[in-house]
Amino acid sequence: MEPIIEIENFSAYYGDKVAVKNVTMKIFKNQITAIIGPSGCGKTTLLRSINRMNDHIRFQVEGKIYFKGQDIYDPKLDVTEYRKKVGMVFQKPTPFPMSIYDNVAFGPRIHGTKSKHVLDRIVEESLKKAALWDEVKSELNKPGTKLSGGQQQRLCIARALAVEPEVILLDEPTSALDPIATQRIEKLLEELSENYTIVIVTHNIGQAIRIADYIAFMYRGELVEYGPTREIVERPKSKLTEEYLTGKIG
Ligand code: ADP
Ligand code: MG
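This is a predicted model, so every value here is computed, not measured.

Student: Explain the packing of aromatic side chains to me, using residue names and the numbers behind them.
Tutor: Following the criterion strictly, the structure yields eight aromatic pairs and no others. Ring geometry for Phe 28 versus Tyr 214: centroids 5.1 Å apart, planes at 40°, classification tilted. Of the two residues, Phe 28 is situated in strand S2 (residues 17-28) and Tyr 214 in strand S9 (residues 214-219); the sequence distance between them amounts to 186 residues. Of the two residues, Phe 28 and Tyr 214, both sit in the buried class.

Next comes the structure, spelled out in structure tokens:
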């Protein structure tokens, strides 16, 4: 199994408060990795750290995160280029206040694609990959914000896909969605994992078990246990993991 992201002895602090403690894990290519754990255990901080999304003034990191061998906290890293490769989708669907088309074309335009013909193709392909094309192809000029919650989240996934990332990070992407919209996103993520590496933060244990190849269980900033989903679920090594999975701690 080939790692695409390697996290080594990584810690993150807000001021002097530690949010992620000495985490070491490898994220494997074209797998779905779920990060689970109770609220406040550092899941979002770790995910945002992988995207370098921590411009918080008093935010500090220790240790290393490598993307394909490259240190992503190297001051010489081109963060804009890096974020093309490692995209992010948030908990609340966040379409920009513009048309469906412009939402998806946004990233490619920023990165210099001007040709209408090329943009048309990227928009169509990205919406197809995000399983949204059939629902919106006749109304690409409609504001993205007018779509249903589930469609908005798929639009955000299409927007992330439009710049041809290798990794997609998702922070509780279905927590604001109904069960049917959630199921669509789960199916979509499983399809996408054939070509992309997916890292999903979820507080929904069922979701992690349904879709993840690997599960990372965090507790109070620490990575308690990490491994193939079946091993974590059937033979957790840590009592804490077992208690979390059985709902004894939340
Ligand atoms: P999770 O996503 O697992 O709920 P977070 O990564 O959001 O956890 O938070 C981890 C810890 O860091 C919590 O104690 C939280 O209060 C703290 N934290 C998160 N964001 C900030 C912030 N912007 N400033 C200060 N503390 C923060
Ligand atoms: Mg969170």
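Student: Any chance you could break down the nonpolar core for me, citing the residues and the numbers?
Tutor: Judged by nonpolar contacts, the single largest core of 47 residues is most densely connected at Ile 36, Leu 127, Ile 157, Leu 170, Leu 189 and Leu 192. A per-element tally of this core places helix H6 (residues 149-161) first, with six residues. Counting 28 residues, the second largest nonpolar core, distinct from the first, contains Ile 27, Leu 47, Ile 50 and Val 199.

Student: Now, about the packing of helix H3 (residues 100-110) against helix H4 (residues 116-129): what can you tell me, with residues and values included?
Tutor: Angle between the axes and distance between the axes: these two values describe a pair of packed helices. Running from N to C, H3 and H4 point in directions that differ by 110°, and their axes come no closer than 9 Å. One element, H3, and the other, H4, form an angle in the roughly perpendicular class. Classified by chirality, the crossing of H4 by H3 is right-handed. Side by side, H3 and H4 meet where Ile 100, Tyr 101, Val 104, Ala 105, Pro 108 and Arg 109 of the first sit next to Lys 116, Leu 119, Asp 120, Ile 122, Val 123, Ser 126 and Leu 127 of the second. Counted by class, the contact of H3 with H4 contains nine nonpolar, one polar and three charged residues.

Student: Would you mind going over the site of ligand 1 in detail, with residue names and values included?
Tutor: Around ligand 1, the surrounding shell consists of Tyr 14, Lys 17, Ala 19, Pro 38, Ser 39, Gly 40, Cys 41, Gly 42, Lys 43, Thr 44, Thr 45 and His 56. At 3.1 Å from an oxygen atom of ligand 1 is found a main-chain nitrogen or oxygen belonging to Gly 42. Lys 43 places a polar side-chain atom, nitrogen or oxygen, 2.8 Å from an oxygen atom of ligand 1. In isolation ligand 1 exposes 560 Å². Once the protein is present, 64% of that is buried. For the shell around ligand 1, the secondary-structure elements that each account for two or more residues are S2 and helix H1 (43-50). The dominant element in the shell around ligand 1, judged by the number of residues it contributes, is H1, at three residues. Across the shell around ligand 1, the residue classes tally to four nonpolar, six polar and two charged.

Student: Explain H3 to me, and be specific about the residues and the numbers.
Tutor: Taken together, the buried positions of H3 are Ile 100, Tyr 101, Asn 103, Val 104, Ala 105, Gly 107 and Pro 108. Tucked into the core, H3 has its buried residues touching H4, helix H5 (133-136) and H6. Among the residues trailing H3, Gly 112 stands out with phi positive, at a value near 100°.

Student: Would you mind going over the environment of Ile 205 in detail, with residue names and values included?
Tutor: Relative to the assigned elements, Ile 205 resides in helix H8 (residues 205-211). Take Ile 205: its relative accessible area is 18%, and that puts it in the buried class. Spatially, the C-alpha atoms of Ile 205 and Glu 2 are 25 Å apart, while their sequence positions differ by 203 residues. Setting aside anything within four residues of it in sequence, one finds Ile 205 in contact with Tyr 244 and Leu 245.

Student: Tell me about the pairing of strand S8 (residues 197-201), and please be specific about residues and values.
Tutor: The buried fraction of S8 is high, at five of five residues. Residues of S8 alternate between two faces, with Thr 197, Val 199 and Val 201 on one and Ile 198 and Ile 200 on the opposite face, all of them buried. As paired elements, strand S3 (residues 32-36) and S8 share four bridges and run parallel to each other. By the bridge assignment, Ile 32 is partnered in S8 with Ile 198. Summarising the sheet, strand S7 (residues 167-171) and S8 pair through five bridges and their orientation is parallel. In the strand pairing of S8, Leu 170 is matched with Ile 200. Handedness of the S7-helix H7 (residues 179-192)-S8 crossover: right-handed.

What counts, and where the lines are drawn
Residues numbered from 1 in each chain as written. Chains lettered and ligands numbered in written order. Predicted model: local features only at pLDDT ≥ 70, side-chain atom pairs only at ≥ 80, totals over all residues. Heavy atoms only, no water. Phe/Tyr/Trp six-rings, centres within 6.5 Å; stacked < 30°, edge-to-face > 60°. Helix = DSSP H or I, 4+ residues; strand = E, 2+ residues; numbered from the N terminus. Buried < 20%, exposed > 50% of the residue type's maximum accessible area, 1.4 Å probe, protein only. Core = buried A, V, L, I, M, F, W, Y, C linked by side-chain atoms within 4.5 Å. Axes fitted to C-alpha atoms, helices over the stretch in contact; angles between N-to-C directions. Parallel < 35°, antiparallel > 145°, perpendicular 65-115°, else oblique. Left-handed = near helix turned anticlockwise from the far one by under 90°. Contact = heavy atoms within 4.5 Å. Nonpolar A, V, L, I, M, F, W, Y, C, P; charged D, E, K, R; others polar. Near = heavy atom within 4 Å. Polar contact = N/O pair within 3.5 Å; in protein donor to acceptor, adjacent residues only side chain to side chain. Areas by Shrake-Rupley, 256 points an atom, 1.4 Å probe, with all protein chains shown as cover. Pairing = 2+ DSSP bridges. Right-handed = clockwise from strand over helix to strand, strands pointing away.

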